[in-house]
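Results of the structural survey
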Amino acid sequence: MDLLTFEDVSKAFQIPRQFSDFLFRRPAGTIQAVRSINLEIKQNEILGIAGESGCGKSTTCMMGAGLLNPTSGCIKYCGRDIANMSRADLVEFRKSVQLIFQDPFESLNPRFMIEDIVAEGPRAMKLWPEMEIRKKVSEILWEVGLDPTRFAHRYPHELSGGERQRVGIAAALVCEPKIVIADEPLSMLDVSIRADILDLIKNLAKDRQFSCVYVSHDLSILGNVADRVLIMYLGQAVELGIAKDVIQSPAHPYTRALISSVPIPDPRIDRGVPNIIGDISLPVNAGQGCSFAPRCPYAEAECARRFDALDTATSVHQSACWKSDQCFAGVTDDHS
Amino acid sequence: MSFVRIGGVFNNLINQYKIIAENRYGLIGFWIVFFFLVVALFAPWLAPYPPWEMLFANDGSLASLRPPSAEFPAGTTHLGYDLLSQLILATRTTVMIGLISGVISIVIGANVGLIAGYFGGLVDEVLMRITDILYGMPFLPFVIVLISLFGRQIEYVILAIALIVWRTSARVIRAQTISIKQRQFVVAARARGCGDFRIIYRHILPNILPLLLLYTSFNIAWSIVTEASTSFLGFGDGETISWGGMLYELWLSGKTRTAWWWFIAPAACIVALVTSLVFVSRAYEEYANPRLKEER
Amino acid sequence: MLLEAKNLNVSYRRDGKEIHAVHDLNLTIETNEVFGVVGESGCGKSTLIKGLLRLLASNGRIRADSIVFDGLDIQNMSAEEFRSEILWKRISLVPQSAMNSLNPVYKVGDQIVEVIQEHSGMTVAEARIRVAELLESVGLQAELANSYPHQFSGGMRQRAMIAMSLALNPKLIIMDEPTTGLDVLVQDKILRTLADVRHQYNCSILLISHDIAIMSELASRIGVMYAGSFVETAQTDDIFHHPSHPYTMGLTNAFPSIRDLDRELISIPGSPPAIDSDEPKCWFNQRCPFALDACSRITPEETNLQNSHRVSCLRFEERVELADKAKRKATWIS
């Protein structure tokens, strides 16, 4: 059963109207952060979403957690549209879909003790009586590797970056969610401690049986942690498949460029030059068709009109590029 | 649902002292304010004479317009009233008005600022336009008009002052709320299911506390100055004595040029208390913005 | 040898105590090479730069046995001489988040002209020609000199800052985290630009980063910095394939490779220490799986292995076996 689905979801942000626009009678521009995304997140899977800044992955996260409303399309939790949920359903939704944030320093309230930070969700949503909340807080702190007797009454500024991120994870998991959306949880941590936190997330997902949407720009981490991976570019979903397939045999020209530009920590390997033209642009007043066309070395006139939507219900390796088969012979593998 | 732990309040007060004490001036200011607080508390027992009793010197004459001496350390008025007693009893009035007006004004200002800043949109517009209108009002005339409307009693004086002093803190707290609202821990609170008011009062408020305390101190200072001014202009409560009122009496007596002691005593008290409160608010300013700290 | 610093110490006075953010550091940079300093937060890399370029706050002090740059004794140079002769002319800096340090109200070209004029006798006309050359050399069109910073993307601004650092043909450019915060495609462009520029201008680069992967692409020699000094310096290949210090071994384990997705990532337990005392010890010993008792009492000396490979570890003689053990996850679980 699909836990969370995005049906043709788009999100546009208005650029605040500048005075010059007013003078020259231009309409305010819009940034299309997300364009016609379809997503199905199933039980017990880790779905990775990768892409560079501006691709819409963070906006997608926020919409998935119900913190932003889509401009068009709908997001459904267990089949019910979250925009039209009853109060009781909304509490259930909030409890079941939680977020882990990127910045371990900023995502914790500096005035709260650790215990209060973790207990805030259940308290705000009145999930359990106070005594039971305290018990669950203790348990979850143990599970993330923090001894409650030592940490419960400390303040965020007394903890290291890794410890703070563990607190963030505890705060998300104490509500016993079914889906955890993790927005780049490792990128602000020192590299030598990332592996432990990654393992923690992987193990907790297995033990506590939740699905995870793991958003990152770091494809090597996704290759390590995710089951399926979705690549996004300027608001569009361009490639989807099993993580290893997408990374080792990328089918979309953007993914190929992306993967070939990741530096490899070994001086003996030369990764070659990524095949891409120009610099990334802002998705302002974007038209139909493929948003990657202006930078694509294989682009044709057709590309400005055509964009193949992906079937995100499966793990079949697909690319939104209609020329994938022609350009990269034998790349698509079929897995059901 | 309790938002505040009672046990923690005492701890908090000690913390506040530590914060204030970090700054040299804050420390001086704190102790001066504390001194005035104690005087205000024990005023009736400290004052040697009743404030409006005609006093006579040892030789039987009216102790009129005596400069400071051993018998009358602050001197006397033209009617033989002891200025020291007046000063001490006036301290109580002034401190009370200052505290109450200051606190009421910060409560109004903080709530206006928090709500306007958090919700934005129409709520923000309406609240800020009200604040703007109040900004347009000339301070003293406004208070005087209100006092004239409601009456001269001390309660109305307090109210009138509070109703205008809140305007500055509202603006600043709104700005701070807007910037805190965008921080990740507020987004996190929303993701964990917190409602709007819980976020405002439980998550944002503790983070603007230094600013709040800064303005509380400042508002109290401003209330005291306003009260002194209105009393000096003759719009104070006739029944209670205040430092400004003492200056008014001086003015009425026509002895401003000769009775220098009558002028210095209340004026010095006003300056001392207000400046001390401003020093305390400086200590909070440094705490709220550690970059202002001097290098030691 | 372009730059040689022997026994460099940079300390801060805080709350009455002297904290040695950088201690006993030996640094050598040759001409025409890229020397990488890799380290995590708090290791002292920013302090190192500030110390070398005399950009410390008023409570900082630099002491060293000697600091020689291009034959000149820069340690004992007066502040005035250093500022006019060395800074920007011979050694320039691209600071961290440089792309955010461009003044938004002036055109990019004008800002570079200003830097040029301040440190040389060029006229405005000459400076403008130079700016055009510089922009071309970093892959930007010369006309972009007339644009404002907000019209540039993040990557373009970073390249403009690199152009600025090249303005007076310095022999050494110090770059602090030049690609942090940039997307991977933009990063790729910047890395290529740096390699090109180094070739064109025949300069050396001191590259500071926490990212060992970009080091492996750009740097010919790497110094691994931990808690204020180098625990190991070697040719890049040796760092990756013959690591001799447990921290280096741990670091290479922690970095994922996109070509080797099945390799298990291993964390180093604990977190980087805050340097708060002067006692003799190896700062890594608390996190080190191979620590001996002696490691908490003795500061290891820097030993010279072959091929200009230097390491500071008491157990350096067993490095091959230790490197092997370090590859296994079980070794690191305390």
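This text gives an overview of the structure that appears in the document. Predicted model only: the values in this text are computed from it and were never measured. (Residues numbered from 1 in each chain as written. Chains lettered and ligands numbered in written order. Predicted model: local features only at pLDDT ≥ 70, side-chain atom pairs only at ≥ 80, totals over all residues.)

**Some thoughts on the overall build of chain A**
Heads up, the condition is: Starting at the N terminus, helices and strands are each numbered in turn, a helix being any DSSP run of H or I of at least four residues and a strand any DSSP run of E of at least two. Once C-beta atoms are placed from the backbone, each residue is buried if 20 or more other C-beta atoms lie within 10 Å of its own, exposed if 12 or fewer, and partly exposed for counts between those two. This entry defines residue contacts through backbone-placed C-beta atoms, with two residues in contact when those atoms are within 7 Å.
Scanning chain A from N- to C-terminus turns up 12 helices and 11 strands. Across the 336 residues in chain A, those meeting the buried criterion constitute 51%. Within chain A, contacts between residues separated by at least 24 positions form 66% of all contacts whose residues are at least 6 apart in sequence.

**Some remarks on the overall build of chain B**
When helices and strands are tallied, chain B shows 12 helices and zero strands. Its helices and strands in sequence order give chain B the pattern α-α-α-α-α-α-α-α-α-α-α-α, from N to C terminus. Seen along its three principal axes, the alpha-carbon backbone of chain B occupies a region of about 80 × 45 × 40 Å. Residues classed as buried in chain B amount to 45% of the 296 residues present. Partitioning the contacts of chain B with sequence separation of at least 6, the portion at a separation of at least 24 is 71%.

**Remarks on the interface of chain A and chain B**
Rule in force here: Amino acid classes used here: Ala, Val, Leu, Ile, Met, Phe, Trp, Tyr, Cys and Pro are nonpolar; Asp, Glu, Lys and Arg are charged; the rest, including Gly, are polar.
Each partner contributes residues to the interface: chain A has 20 residues there, and chain B has 15 residues. Mapped by element, the contributors of at least two residues to the side of chain A that touches chain B are helix 3 (87-96), strand 6 (97-100) and helix 4 (114-124) of chain A. Here the residues of the side of chain A that touches chain B are counted per class, giving 10 nonpolar, four polar and six charged.

**Observations concerning the nonpolar core**
Our working rule: Joining buried Ala, Val, Leu, Ile, Met, Phe, Trp, Tyr and Cys residues through C-beta atoms within 7 Å gives a set, and that set is a nonpolar core.
A:Val118, A:Ala170, A:Val213, C:Leu207 and C:Val224 are the most contacted members of the largest nonpolar core, which totals 278 residues. Broken down by element, the residue count for this core peaks at 14 residues, all from helix 4 (residues 83-119) of chain B. For A:Val118, the contacting residues outside a window of four places in its chain are A:Val137, A:Ile140, A:Leu141, A:Val167, A:Ala170, A:Ala171 and A:Val174.

**What to know about helix 2 (residues 24-41) of chain B**
In an α-helix, one turn spans 3.6 residues, which is why side chains three or four residues apart end up on the same side. Residue and element names in this part refer to chain B. Which entries qualify depends on this criterion: One fewer than the residue count of a helix, multiplied by 1.5 Å, yields its expected span. What the arc covers is the set of directions going from the helix axis to the C-beta atoms.
For helix 2, which comprises 18 residues, the first-to-last C-alpha distance of 26 Å matches the rise-based estimate of 26 Å (1.5 Å per residue) to within 8%. What helix 2 keeps buried is the set Gly26, Gly29, Phe30, Val33, Phe36 and Ala40. All buried residues of helix 2 fall inside an arc of 135° around its axis, so they share one side. Away from the buried face of helix 2 by more than 90 degrees, exposed residues Arg24, Phe34 and Val38 are located.

**With respect to the pairing of strand 7 (residues 179-183) of chain A**
All names here are of chain A. Just so we agree on the cut-off: In this analysis, strands are considered paired if DSSP registers two or more bridges between them.
Burial within strand 7 is extensive, with five of its five residues counted as buried. Residues of strand 7 alternate between two faces, with Ile179, Ile181 and Asp183 on one and Val180 and Ala182 on the opposite face, all of them buried. Bridge count for strand 6 against strand 7 is four bridges, and the pairing is parallel. Bridging across to strand 7, Ile100 finds its partner in Ala182. As paired strands, strand 7 and strand 8 (residues 211-216) are joined by five bridges and run parallel to one another. Across the sheet, the residue bridging to Ile179 is Ser211, located in strand 8.

**With respect to the environment of C:Ala21**
Residue and element names in this part refer to chain C. The residue Ala21 is located in strand 2 (residues 17-29) in this model. For Ala21 and Ile190, which are 169 residues apart along the polypeptide, the C-alpha to C-alpha distance reads 30 Å. Leave out the neighbours within four places in its chain, and Ala21 touches Val10, Ser11, Tyr12, Gly44, Thr47, Gly228 and Ile275.

**Remarks on the sheet that holds strand 11 (residues 229-235) of chain C**
The strands that make up a sheet are held in pairs by hydrogen bonds between backbone atoms, and each pair lies either parallel or antiparallel. Residues and elements named next belong to chain C. Counted only if it meets this: The convention used is that axes are lines fitted to C-alpha atoms, helices contributing only their stretch in contact, and that angles between N-to-C directions extend from 0 to 180 degrees.
The sheet built from eight strands is open, its strands ordered 7-8-9-3-10-11-13-12 with mixed pairing. Two strands bound the open sheet, and with one partner strand each, they are strand 7 (91-94) and strand 12 (303-305). This sheet shows a mean twist of 20° between the axes of neighbouring strands, independent of strand direction. Note that strand 3 (residues 34-38) and strand 10 (residues 221-226) share four bridges and pair parallel. Looking across to strand 10, one finds that Phe35 is bridged to Arg221. Across the face of the sheet, helix 9 (residues 246-254) comes into contact with strand 10 and strand 11 while running at roughly 105° to strand 10.

**Remarks on the packing of helix 7 (residues 154-181) of chain B against helix 10 (residues 209-232) of chain B**
All names here are of chain B. Our working definition: Here the angle decides the label: under 35 degrees means roughly parallel, over 145 means roughly antiparallel, 65 to 115 means roughly perpendicular, and every other value means oblique. In this scheme, a crossing is called left-handed if the near helix is turned counterclockwise away from the far one by less than a right angle; it is called right-handed if the turn is clockwise.
Between helix 7 and helix 10, the shortest axis-to-axis distance is 9 Å and the interhelical angle comes to 150°. Considering the angle they form, helix 7 stands roughly antiparallel to helix 10. Considering how the two elements wind past one another, helix 7 and helix 10 form a crossing that is right-handed. Contact with helix 7, carried on its side by Val157, Ile161, Val165, Ser169, Val172, Ile173 and Gln176, involves Leu211, Leu212, Tyr215, Asn219, Trp222, Ser223, Thr226, Glu227 and Thr230 of helix 10 and no other residues of that element.

**Thoughts on the arrangement of the chains**
With two pairs of chains in contact overall, the contact-richest pair is chains A and C. Between chain B and chain C there is no contact, and the shortest C-alpha to C-alpha distance separating them is 8 Å.

**Section: the environment of C:Ala64**
Residue and element names in this part refer to chain C. You can see Ala64 is positioned in the loop between strand 4 (60-63) and strand 5 (66-69). C-beta crowding within 10 Å serves as the criterion here: with 21 such atoms nearby, Ala64 is assigned to the buried category. Aside from chain neighbours lying at most four places away, what touches Ala64 is Ala5, Lys6, Asn7, Leu8, Asn9 and Gln75.

**Description of the interface of chain C and chain A**
With 34 residues of chain C in contact, the opposing surface of chain A contributes 36 residues. In terms of residues, the side of chain C that touches chain A owes the most to one element, helix 7 (residues 212-218) of chain C, which gives five residues. Taken together, the residues of the side of chain C that touches chain A break down into 17 nonpolar, 11 polar and six charged.

**A few points about the packing of helix 6 (residues 139-150) of chain B against helix 10 of chain B**
All names here are of chain B. One can describe the packing of helix 6 onto helix 10 by two numbers: an axis separation of 10 Å at closest approach and a directional angle of 65°. Here helix 10 runs roughly perpendicular to helix 6, going by the angle between their axes. Crossing handedness for the pair helix 6 and helix 10: right-handed. In this structure, helix 6 uses Phe139, Leu140, Val143, Ile144 and Ile147 to contact helix 10, whose residues at the interface are Thr226, Ser229 and Thr230. Residue composition of the contact of helix 6 with helix 10, grouped by class: five nonpolar, three polar and no charged.

**Quick notes on helix 4 of chain B**
Residues and elements named next belong to chain B. For helix 4, which comprises 37 residues, the first-to-last C-alpha distance of 52 Å matches the rise-based estimate of 54 Å (1.5 Å per residue) to within 8%. The buried fraction of helix 4 is high, at 27 of 37 residues. Backbone geometry just downstream of helix 4 places Gly120 in the positive-phi region, at approximately 65°.

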